[in-house]
Structures are given as structure tokens and as C-alpha cells.
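# Commentary on secondary and tertiary structure
Here is what each chain is made of, one letter per residue.
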Amino acid sequence: QVQLVESGGGLVQPAGSLRLSCAASGIIFRFYTMGWYRQAPGKQRELVATITNGHTTNYADSVKGRFTISRDNAMNTVFLRMNTLKPEDTAAYYCNAAQVLGPGPRNTYWGQGTQVTVSS
């Protein structure tokens, strides 16, 4: 059974920081590009950042220079360090695993989401 379990969300003041974690189980972690997406109320889910098994990263323009995605393949965990948070970063943040290696169909999995609220 595949599970992506996010943690680390919460309420933070503008200009503050948070670190999200996503622990994966039930997958061969190195076969997957890992990512973070977010969805604010009334808006579509959008890409925040992705990281390949080779640690190549990609970021949405809105978070470049403020957010850092990383992964620990030994721990099957992906992280999102968020600095200089803004109210517009308020959203539910979702972990994503997209299979890019290995046999069979290319599976995609989602976590249950963790809420980040940036407010004074």
C-alpha cells in the first residue's frame, strides 16, 4: 500500500519560515520524481517545486529564491523549506510522487495535504 504522509504545516506570520516533510512508503523511492503542489480556496492546484532522483529541481516562479525542495533517499522523504512566507502562500500543500523509472505503468500518488496559513 502506497502512502505519502505530509507533516509540518501550520500557522506562521508573514516573513516566517516552515519546513514541510513527506514520508513515502510502499514505493521504490528512487524511481520517483517527488514534488510539492498547493491549492488555495477557489483556485486550481498548482506546482510549487519538484526534485528528481538525481536532485535536479524545478520551482514555480512565485517561490523561486524563497522555497527549497530536497530529498533524502535513505529516509524516503522529501522536504520543502519555505522562507519569507507571504499571505499568498496560504494553501493546502500536497506531496506528489510521479514514477519515471522502472517497469510497468507510470504511477502517480498524492498525499492527503497539510495546511499552511500565513497570517498576522
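Within any chain, residue numbers begin from 1 and follow the written order of that chain's sequence. Per-residue local features are limited, in this predicted model, to residues with pLDDT of at least 70; the limit for side-chain atom pairs, both in listing and counting, is 80 or more; totals at the level of whole chains, interfaces and linings are taken over all residues. Remark: hydrogens and water are excluded; side-chain values derive from all non-hydrogen atoms of the structure.

This brings us to the pattern of salt bridges. Think of a salt bridge as a Lys or Arg side-chain nitrogen and an Asp or Glu carboxyl oxygen that are within 4 Å of each other. Summed over all chains, the structure comprises four salt bridges. The partner of Arg38 in a salt bridge is Glu46, and the shortest N-O contact between them spans 2.7 Å. By sharing partners, the salt bridges in this structure join Arg38, Glu46, Arg66 and Asp89 into a single network.

The next point concerns the sheet that holds strand β8 (residues 77-82). Pairing between two strands requires that DSSP report at least two bridges joining them. A run of H or I in DSSP becomes a helix once it reaches four residues, and a run of E becomes a strand once it reaches two; helices and strands are each numbered from the N terminus. With antiparallel pairing, four strands are arranged side by side in an open sheet as β1-β3-β8-β7. This sheet does not close on itself; its edge strands, each paired only once, are β1 (3-7) and β7 (67-72). For this sheet, the mean inter-axis angle between neighbouring strands, taken without regard to orientation, is 15°. Pairing analysis gives six bridges linking strand β3 (residues 18-25) to β8, with the strands arranged antiparallel. Among the inter-strand pairings, Cys22 is bridged to a residue of β8, identified as Val78. To get an axis, fit a line to the C-alpha atoms, keeping to the stretch in contact for a helix; angles then go from 0 to 180 degrees between the N-to-C directions.

A few words now on the nonpolar core. We define the nonpolar core as a collection of buried residues of types Ala, Val, Leu, Ile, Met, Phe, Trp, Tyr and Cys that are connected through side-chain atoms lying within 4.5 Å of one another. Only protein chains enter the accessibility calculation, which uses a 1.4 Å probe. A residue is then buried if its area is under 20% of the maximum for its type, exposed if over 50%, and partly exposed in between. If you look at the biggest cluster of nonpolar residues, it comprises 31 residues, and the most contacted ones within it are Met34, Trp36, Leu80, Met82 and Tyr93. Going through the elements one at a time, β3, β4 (32-39), β5 (46-51), β7, β8, β9 (91-99) and β11 (114-118) are the ones with two or more residues in this core. When near neighbours in sequence (up to four residues on either side) are disregarded, Leu80 contacts Leu18, Arg19, Leu20, Trp36, Val48, Ala49, Phe67, Thr68, Ile69 and Tyr93. Whether two residues are in contact is decided by their heavy atoms, any of which lying within 4.5 Å being enough.

Before going further, it helps to examine the packing of aromatic side chains. Here a Phe, Tyr or Trp ring, Trp counted by its six-membered ring, pairs with any other such ring whose centre lies within 6.5 Å, and the pair is stacked when the planes are under 30 degrees apart, edge-to-face when over 60, and tilted otherwise. Tallied over the entire structure, the rule returns two aromatic pairs. Between Tyr32 and Tyr109, the ring centres sit 6.2 Å apart and the planes meet at 40°, which makes this aromatic pair tilted. With Tyr32 in strand β4 and Tyr109 in strand β10 (residues 108-110), the pair connects residues that are 77 residues apart, well separated along the chain. Judged by relative accessible area, which is 5%, Tyr32 ranks as buried. Tyr109 sits in the partly exposed class, given a relative accessible area of 24%. In this scheme, Lys NZ or Arg CZ marks a charge over a ring once it lies within 6 Å of the ring centre and within 35 degrees of the ring normal. The positively charged end of Arg45 is found above the aromatic ring belonging to Trp110, 4.6 Å away from the centroid. Sitting over the ring of Phe29, Arg71 keeps its end group 4.4 Å from the ring centre.

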